[in-house]
Amino acid sequence: TLCFNRLRRFRSAIRFSTKHRDFTMSASFINIFETKSNRVKGLSFHPNRPWVLAALHNGVVQMWDYRVKTLLDRYDEHDGPVRSVAFHPNQPLFVSGGDDYKIKVWNYKEKRCLFTLLGHLDYVRTVEFHPEQPWILSASDDHTIRIWNWQSRQCICVLTGHSHYVMCARFHHSDDLVVSASLDNTVRVWDISGLRKKGLLPSHESDSMKLQQDIFGSTDAIVKYVLEGHDRGVNWASFHPTLPLIVSGADDRQIKLWRMSDTKAWEVDTMRGHYNNVSCCIFHPRQDLMLSNGEDKTIRVWDMSKRTLLLTHRRENDRFWALTSHPERNLFAAGHDSGFVVFKLEKERPAMSPGDGGLFYVKDRYVRHYDFGSQKDVPIMSIRKRDFLPRNIQYNKFERAVLVNYEGEGGSYELYQIPKTPTAADGAAEGRRGSGRCAVWIARNRFAVLDKANAILIKDLQNQTSKPLSPPYSIDQLFSAPLGQLLIKADDRMILFDVAQGVEIAECPIPSGIKFVEWFQPAASSDASKSGAGSYVAMMSKDLVVIANHRLEIQCTLAERTRVKSGVWDDTGVFVYTTTSHIKYALPNGDAGIIRTLDQPIYMSGVRVGGGADGASRIFCLDREIRNRSVTVDTTEYQFKQALTAKKYSEVLRMVKSSNLVGQAIIGYLQQKGFPEVALWFVKDERTRFELALESANIKIAEDSASRLDAPDVWKRLGEEALRQGHVALLEDSLNHTKDHEKLSFFYAITGNHKKLKQQSQRAQKNKDLNGRYHNALLLGDVAERIAVLEEAGQLPLAYMTAKTHGLAEEAERLREKMNLKNQQQKKLQLQQQSADPESVPDVPLEDLAPKVQGHPNAKCLLPPVPILTEVGNWPQLTISRGPFDVGLHQYLSEQKRAVAGAASDVVASSAKTLAALGAAAASAEEDVGEEGWGEDEPAPEAAPEESEAAEEANEWDVDLDIPKPAPKPKAAAAVQQVSLPRDGPSWPQLWCLNSDVPADHIAAGNFESAMQLLNAQIGACQFQSMKPHFMRLFTGARARSMLSPGTPAIDSYLLRNPEVLAQPQGLREAVPALALSVTELIEKLHAGYRATTAGKFQEAMDMFKYIFSALPLVCAQTSQELNDARDLIQICTDYVVGLMTEIKRKEVLASNKTQAGAIRVAELAAYFTHCNLQPVHLQLTLRSAMNIAIKLRNFATAYNMGRRLLDLNPKPDVAEKTQQALEVCEQGGLKDEAPLTEYDERNPFVVCAHTFKPIYRGNPSVGCSYCAAQFVPGPEVNGKPCPVCSVGAIGVKGTGLVIVRRRQPARGGAPQPSRSSNQRPADDDEDF
């Protein structure tokens, strides 16, 4: 009877429905973001921002940005585990509760705890904000539920009634209800409408009433329903967002669905599937789904209407504890033992395809068309209802047909013919259906289908197979391509396939995860379109954009931190794509930038440059609700870069005149591309303008900027540039501003300007600068001035010698007498100071102290030469054009000047008319003035010449001599303002860096920094000490230094490894340096390591293998054989170094640990050494050693297996005989291990951890070195640390792959191209490894 009643109740249960899409969702777990941390017990999404809060079991609350995958902040004021967190719906607040019985309210803008709510007597399990009222709901292990007013910071209600821990309590979204779950096996629904009414009235509660409420509960909240049905404690319960439904999960491993009415509540159904405790269960906010997770390490998705399981996501080792959903988006988060994961259950990318001047897309069972021009959105036809959402559609503009691809049931497609007149009838259009993983158009009336057997079927519009193709490789996906071609994704390659001929046209290596492809083809009338030379293809994965040309030669690769959502090409060949947070652009040469930011992700459908009514550019897109949107964007930046790259200088000039392109980004771009003269027109900052003017050799603009800045360092640099260009007058002006009088004097001397040189001497005399006076006197050849300076400085002997040397006898005699008299006075003064009676000191005789000057008979005085030219103008310059923009820019400048001059002339003419009128009025007024009070002004009396000279002598300011006025600029300077010096070409080292991306070539060029950056990106290199000798060897080996004659600087001659290319037209682009390292040398080192290993010199052998590790990234493979040898060298050296490290570790344990545990450890290490991939001769030695150690330990089973393996290697007869004897001993011992090796299992494949020297068996987690791929047990002691095996790479870091095959770099701004010719095959499938 009970079963019958239950069945009748199930059948009579009221069916419910929600608003959802007409297509039934095929649930799939899509991982968005994942963290690694301590156990996560609570999660909460921010309603507007891409943030999620995580409550950790170690007492920390973390705030993450799941869009950019960054930790924003952490809060750690709780004492003990934090079990729940919740964001406020609209305030910058969140609340947390933990095992310290405390509820804390935080302000995330101020990054601090505002206050703490105290009242619970045990662990706080859950906390939540009310969606409207200033309330906080909390559930605790003290058997109570409390409601707090966070504004008054008081507890306003206590809900009592549960007899065990209250595990969960949640507010209803709209009604005054609370649902709670407890370990007393019940779910309770509480009516809190009385609390809302009470909140409208003033409160007059006394302390006794509050105490009574804490003990007996509040009468403002009453139990409305008690739901009983679970057999064990209930862990979670939550309301449906719109329907009167409740879902609960418990320790009985069941999920129950309950329904409420105004008077009662009853159980609707039970879902079974978990095989351990259910931790959380929630409703999907927008669809008929329920989600649950539990301690069985699974997340399960249930169909709410059918009550069936749709999806199970399982983790290997982590139990789930928390589950929450985003209030607005299709996002969920689940917390587990080692962190949390953010995921979604369906792909939100709509099925769409551009065509007919608009977009075809699928929405609500209809194929619709949105016209970009008129922005009309009309349904075209109805399609068949399926159980799965369409993955994509392909539009054929020739036959007006669409292919709709579905993922469900292993993949299928439907072919529809679009009617001539749009119809919105309810009946679905007749389509042809077929099975296949994907279908794409390849011709006007043909399409290709990838079936489940990895075959490509070519079908016509009647869905009939016309031609099957069976490529010899595994195919992952098919993509559209130009007519007659097919783009095939196979493993890590993308292949362009000619369907008619059945051959591969081109291929390229690609990263895994490419999901979308967009082609760009130039206008049909252009020659590039006919040859396909102007075509590009953009390939997108979740975080990469790869652009290649029509021959699949990769032009650039762009990595994104956030997910790539969609992308389209505009009409000019610029790829515009969207990420989760930005609209970006990418040029085929690798230039990229941001167009604008996004609040919500969008899926682009088209770009119209200047397509708006106001001339603005627009991007057409679909949002996540499949609604058409038009976004206005500014595309001037990428149009400018595109025009500059395409050398459309007239277009660039137009943008320079009309646009407002400003900012450091565009300035830096122009400098990088070699157009600083164009960047001058975008710069407002004078300092930057000055730097650009110097870089572009525009001395006139540099002078104007220096005058405005008026800084000593600016004038100094301007003077250096003026000296380099030969602007004599500007050099003099710069030296005057910097007050560098020493250089100024020398400048006047070499230019023969003795007049200003004398002024410099007078300035030094006024400033009492003896050094300056003497220096100027030397340059002028003024001997008398030199003697006067030396005399003033007290250097009488030097003054005497100067006068005597230059034949000034009278002056020399005067100086001799003065010098002797001064000496006599000094001696007398000394005697007086030493004597007790100074008066009695006798006179000191006069001595002749004049130095003896004996000149050579042919000696001549050192005097400066007499200048031939006393007025030196600017140096002559080579008349060349500065660049492609000179004519246009200067014409534009001239037009501006003429416009300004015209306006000024109008003002002057108007002012002249006004002055003439005023002059006439003044003349008429002057006739009426008498002579009494207004006599004629008498001229002022002139000063006498003596008075004038006296006044000049009395003037001590000397303002006219401090900075001499610059000489007038020569007239010829104006004629050369439009010319500049030619720029220097690149040096050989610069060419080597441009021509190759092999690190060895950059080292040979001397660019160690770029080489280390390449090695870090390719193999994660973090240690370069071992590479230093190779760096110096490569650098010195690429150049020869010779000295032409003694005393002259050495001349460097650069050595090439391919000098024959210099005879070719573009030979400079192929030239690369000679390298002192080769693969052949490393192979010889390998053999030396083999010999050292055979001789038992393990440390010497390890040094050989590590030498190979440090040198191998610095070679360049010339053939495919060398490339394969290099790959083998890395694997061989890794195996040997790990094995030798294990053997060295065994000897250390043998010497330090003499216990039984030590002996077992020694035997284990010896056994591990036998599983390294060694040469047969070395493997025999390891097996013999391990077998002997096992026999000594009486591990006969292990020793027997070692012996059998040794005999399988066909050893020498004497070794085989001894091995047979050992096997007999093992058989006599019963083939048992008396000290079993617990961590060693020879039947289970494993690798040895190079840190712990323990086995890592197949299937266990491990991390590898970024270079040698040696494996390690994951842990903080190894993650991110340098690798001990190769001493080069880092553990747990991934690189792009080592490049030792040169790829030629394009001339300017392009992406690297393979150096081989187009009809050659690559050295291997991938140049990177």
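Look above for the structure.
Read on for an overview of the structure. (Residues numbered from 1 in each chain as written. Predicted model: local features only at pLDDT ≥ 70, side-chain atom pairs only at ≥ 80, totals over all residues. Heavy atoms only, no water.)

**Brief notes about the pattern of salt bridges**
Okay, so step 1: Counted according to the given criterion, the structure contains 44 salt bridges.
Okay, so step 2: Among the ionic pairs, Arg-39 bridges to Asp-337, the shortest N-O distance being 3.1 Å. Within this pair, whereas Arg-39 is found in the loop between β1 (30-34) and β2 (40-45), its partner Asp-337 is found in the loop between β27 (332-336) and β28 (339-344), the two being separated by 298 residues in sequence.
Okay, so step 3: We note a salt bridge from Arg-687 to Asp-713, for which the minimum N-O separation is 3.2 Å. (Salt bridge = Lys/Arg side-chain N within 4 Å of Asp/Glu carboxyl O. Helix = DSSP H or I, 4+ residues; strand = E, 2+ residues; numbered from the N terminus.)

**Re the packing of helix α12 (residues 728-738) against helix α13 (residues 741-750)**
Two quantities define a packed helix pair, namely the angle between the axes and the distance from one axis to the other.
Okay, so step 1: With their axes 9 Å apart at the nearest point, α12 and α13 run at an angle of 155° to one another. Comparing their axes, α13 and α12 come out roughly antiparallel. With respect to the hand of their crossing, α12 and α13 are arranged in left-handed fashion. Taken together, the residues of α13 that come into contact with α12 (itself represented by Val-728, Leu-731, Glu-732, Leu-735 and Asn-736) are Lys-743, Leu-744, Phe-747 and Tyr-748.
Okay, so step 2: For the contact of α12 with α13, the class distribution of residues is six nonpolar, one polar and two charged. (Axes fitted to C-alpha atoms, helices over the stretch in contact; angles between N-to-C directions. Parallel < 35°, antiparallel > 145°, perpendicular 65-115°, else oblique. Left-handed = near helix turned anticlockwise from the far one by under 90°. Contact = heavy atoms within 4.5 Å. Nonpolar A, V, L, I, M, F, W, Y, C, P; charged D, E, K, R; others polar.)

**Some details on the sheet that holds strand β35 (residues 412-417)**
Sheet strands line up and pair through hydrogen bonds in the backbone, either parallel or antiparallel.
Okay, so step 1: If you trace the four strands from one edge of the open sheet to the other, you get β33-β34-β35-β36, paired in antiparallel fashion. Because the sheet does not close on itself, it has two edges, and the strands there are β33 (390-396) and β36 (432-435). Each strand of the sheet is rotated relative to its neighbour by a mean of 20°, with strand direction disregarded.
Okay, so step 2: Note that strand β34 (residues 401-406) and β35 share six bridges and pair antiparallel. Residue pairing for β35: Leu-403 is matched across the bridge by Leu-415. (Pairing = 2+ DSSP bridges.)

**Considering the side chain of His-172**
Okay, so step 1: One can find His-172 in the loop between β14 (166-171) and β15 (177-182).
Okay, so step 2: Only 3.1 Å separates the side chain of His-172 from the backbone nitrogen of Ser-174, close enough to count as a polar contact.
Okay, so step 3: A polar side-chain atom of His-172 sits 3.0 Å from the main-chain amide nitrogen of Asp-175.
Okay, so step 4: If sequence neighbours within four positions are ignored, His-172 has contacts with Pro-131, Leu-177, Phe-239 and His-240. (Polar contact = N/O pair within 3.5 Å; in protein donor to acceptor, adjacent residues only side chain to side chain.)

**Comments concerning the nonpolar core**
Okay, so step 1: Ranked by internal contacts, the top residues of the largest apolar core, which has 89 residues, are Phe-1105, Phe-1109, Tyr-1267, Phe-1272 and Val-1285.
Okay, so step 2: The element best represented in this core is helix α27 (residues 1120-1152), accounting for 11 residues.
Okay, so step 3: With residues near it in sequence (within four places) discarded, Phe-1109 still touches Ile-1130, Cys-1133, Thr-1134, Val-1137, Tyr-1267, Cys-1268, Val-1285, Cys-1286 and Val-1288.
Okay, so step 4: The next biggest cluster of nonpolar side chains, apart from the first, holds 44 residues, and it includes Ile-246, Val-247, Val-268 and Ile-299. (Core = buried A, V, L, I, M, F, W, Y, C linked by side-chain atoms within 4.5 Å. Buried < 20%, exposed > 50% of the residue type's maximum accessible area, 1.4 Å probe, protein only.)

**What about helix α30 (residues 1196-1207)?**
Okay, so step 1: The first and last C-alpha atoms of α30 sit 16 Å apart over 12 residues, in line with the 16 Å expected at 1.5 Å per residue.
Okay, so step 2: For α30, the complete set of buried residues consists of Phe-1196, Thr-1198, Ala-1199, Met-1202, Gly-1203, Leu-1206 and Leu-1207.
Okay, so step 3: Elements that come into contact with the buried residues of α30 comprise α28 (1156-1169), α29 (1176-1192) and α31 (1213-1228). (Expected span 1.5 Å × (residues − 1).)

In short, the description is geometric, and any link to function would need to be established separately.
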